[in-house]
Amino acid sequence: VIDTSFTTPRRGPQPNRIVPRFWTGTPALESSVYQVDCRNAPANGKIDDTLRNQIRSTFDRVGLVHLVNTGLGADQTKLKELAEVVLDQPMEYTGGANSRTQTADEVPYVYETGAPKEAYLQYHHEMAYVSKSTTKLAFCCTQATEGKGAMFVADNVKATDMLLATSFGQRLREKGICYVRKLTDRKEFEGRSELEVYNHWQQSFSTEDPAVAEMLANQRGLQVEWGPGRFMTTRYYVSAFEYFAPLDRNLMFASLADDAMWFDTWPGICNVPDEERPLELTYGDDTPFTHEEKQQFTDVYDEVGIPIVWSQGDIALVCNWRFLHGRPQYDLKDGEQRHLAVVLGNTFDRIGAIEGKY
């Protein structure tokens, strides 16, 4: 059972806003293609070679694995260990746009997702807006309520083909894109409400020193401007595509999750005018997308959506090239819980598209 109440958003969006559907009602891939049942794993919690090989071969073939019946409950240490069958060396979340902190269990490299349940999260690749991104990521479900809070992934190989068949996709290929981020200064909000704050640069770059923050931003390919009140604006110009060696082709590596519309249902920030919101996405020549182009961008990913329905102890392993992830907003009643922890895989340096590999 999948909660579909997101089709009528409770908070925003305002008239003429684009509302993602996340899927057509029919998954772009059947769960049998990517789901691995762990119920026959050793009772001592050890990962045997049979399970390890099944997980790795499924991930290599599909780029998506949903581990079910793990029996690990809310144990983040054991969930992380199982995820590391694919993740290799987890990365530290530094320079990210989201206000993401370590979970309360303080397991190294395990983070909160950092998004309110009231907001729908458009499909996106993790950390596409910096030059050092992550190859893969794991979502670990420590609390679940039946029928509530499903995550969705979108088949990016299919979406890339669909976009390249359009004039919009060809413009993305020709012009590239620019990610604009606007980060506030934590000190400016001492004693003030942070309802309309998305992220401070101190949180994003894990430093209180603006010089260090700028250095870390530059290392990630970002241009930095400072405004009044130590307001930090970064710009990252890059291809809208990224070369993926295992398929020997360029795949789309952008979405509207990095635009002002990310906040259309985000509590507090949804009331801020678009031009003042923390994120903006434009073409690489700084020209804006039209409303029609944004609708087309959203629709393509919705056409190739796949629901991941959670039970406690589940893990979703996601290739950051071959799939995007997102979710609708959801409700929880008293006593209901839904909690995901995220682990990021090893980093890679973005190279953009390679000519002749589309």
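Here the structure is a predicted model, which is why all the values come from computation and not from measurement. (Residues numbered from 1 in each chain as written. Predicted model: local features only at pLDDT ≥ 70, side-chain atom pairs only at ≥ 80, totals over all residues. Heavy atoms only, no water.)

Novice: I would appreciate a short explanation of helix α7 (residues 210-219) in the present structure.
Specialist: Because the α-helix completes a turn every 3.6 residues, residues three or four places apart line up on one side. The complete set of buried residues in α7 reads Ala 213, Leu 216 and Ala 217. The buried residues of α7 occupy an angular sector of 100° when the element is viewed end-on, so they sit on one face. The inward-facing, buried residues of α7 abut α6 (201-205), β9 (223-227) and β10 (231-238). Where α7 begins, the capping side chain belongs to Asp 209, and its oxygen is found 2.9 Å from the backbone nitrogen of Ala 211. Gly 221 lies just past α7 and shows a positive phi near 80°. (Buried < 20%, exposed > 50% of the residue type's maximum accessible area, 1.4 Å probe, protein only. Helix = DSSP H or I, 4+ residues; strand = E, 2+ residues; numbered from the N terminus. Arc of directions from axis to C-beta. Contact = heavy atoms within 4.5 Å. Polar contact = N/O pair within 3.5 Å; in protein donor to acceptor, adjacent residues only side chain to side chain.)

Novice: Where do I start with the sheet that holds strand β3 (residues 111-112) in this structure?
Specialist: Consider a sheet: its strands pair through backbone hydrogen bonds, and that pairing is either parallel or antiparallel. One open sheet accounts for 6 strands, arranged β1-β2-β15-β6-β17-β3; its pairing is mixed. Edge positions in the open sheet fall to β1 (35-37) and β3, since each of these has one partner strand only. The sheet contact formed by strand β6 (residues 136-143) and strand β17 (residues 339-344) spans 6 bridges and is antiparallel. Across the sheet, the residue bridging to Gln 143 is His 339, located in β17. Strands in contact with helix α2 (residues 49-62) are β1, β2 (64-68), β6 and β15 (315-319); relative to β2, the strand with the most contacts, it is inclined by about 145°. (Pairing = 2+ DSSP bridges. Axes fitted to C-alpha atoms, helices over the stretch in contact; angles between N-to-C directions.)

Novice: Is there a simple way to explain the sheet that holds β10 in this structure?
Specialist: Strand order in the open sheet formed by 4 strands is β9-β10-β8-β13, with antiparallel pairing between adjacent strands. The sheet is open, and its two borders are formed by β9 and β13 (279-283), each paired with just one other strand. Taking each pair of neighbouring strands and ignoring which way they run, the sheet shows an average axis angle of 20°. As judged from the 5 bridges shared by β9 and β10, these two strands associate in the antiparallel manner. Of the residues in β10, the one forming a bridge with Val 224 is Thr 234. Docked against the sheet, helix α5 (residues 167-175) engages β8 (177-183) and β13, running at close to 95° with respect to β13.

Novice: Would you take a moment to explain the confidence of the model for the protein chain for this structure?
Specialist: Interpretation of this model should avoid reading the predicted coordinates in detail wherever pLDDT is low. On average, residues of the protein chain carry a pLDDT of 90, and 90% of them reach 70 or more. Across residues 4-13, where pLDDT falls below 50, the model places 27 contacts with residues more than four positions away in sequence or in other chains. (pLDDT = per-residue confidence, 0-100.)

Novice: What am I meant to see in α2 here?
Specialist: Taking 1.5 Å of rise per residue, 14 residues should cover 20 Å, and α2 covers 20 Å from first to last C-alpha, within 8% of that figure. Within α2, burial applies to Leu 51, Ile 55, Thr 58, Phe 59 and Val 62. Relative to the axis of α2, the buried residues are bounded by an arc of 95° and lie together on one face. Relative to its buried face, α2 has exposed residues pointing more than 90 degrees away, namely Asp 49, Thr 50, Asp 60 and Arg 61. Phi turns positive, to about 90°, at Gly 63, one or two residues after α2. (Expected span 1.5 Å × (residues − 1).)

Novice: Would you mind showing me how to read the environment of Ser 206 here?
Specialist: With respect to the secondary-structure elements, Ser 206 resides in the loop between α6 and α7. Residue classification places Ser 206 among the partly exposed positions, given a relative accessible area of 48%. Spatially, the C-alpha atoms of Ser 206 and Leu 216 are 9.7 Å apart, while their sequence positions differ by 10 residues.

Novice: Please explain the nonpolar core as it appears in this structure.
Specialist: Soluble globular proteins: nonpolar side chains tend toward being buried together. Judged by nonpolar contacts, the single largest core of 91 residues is most densely connected at Leu 172 and Leu 317. Take this core: its biggest share by element is 6 residues, from helix α3 (residues 76-87). Setting aside residues no more than four positions away along its own chain, Leu 172 makes contact with Ile 177, Ala 240, Phe 241, Met 252, Tyr 283, Phe 289 and Phe 297. Counting 11 residues, the second-largest nonpolar core is a separate cluster that includes Leu 121, Tyr 198, Ala 257 and Leu 279. (Core = buried A, V, L, I, M, F, W, Y, C linked by side-chain atoms within 4.5 Å.)

Novice: In this structure, what is going on with the pairing of β8? I would like to understand it.
Specialist: Taken residue by residue, a regular strand's side chains alternate between the two faces of the sheet. Counting buried positions along β8 gives 7 out of 7 residues, so the element sits mostly inside the fold. Here β8 shows no split at all, with Ile 177, Tyr 179, Arg 181 and Leu 183 on one side and Cys 178, Val 180 and Lys 182 on the other all buried. For β8 and β10, the ladder comprises 7 bridges, and the chain directions are antiparallel. When the bridges of β10 are listed, Tyr 179 appears paired with Tyr 236.

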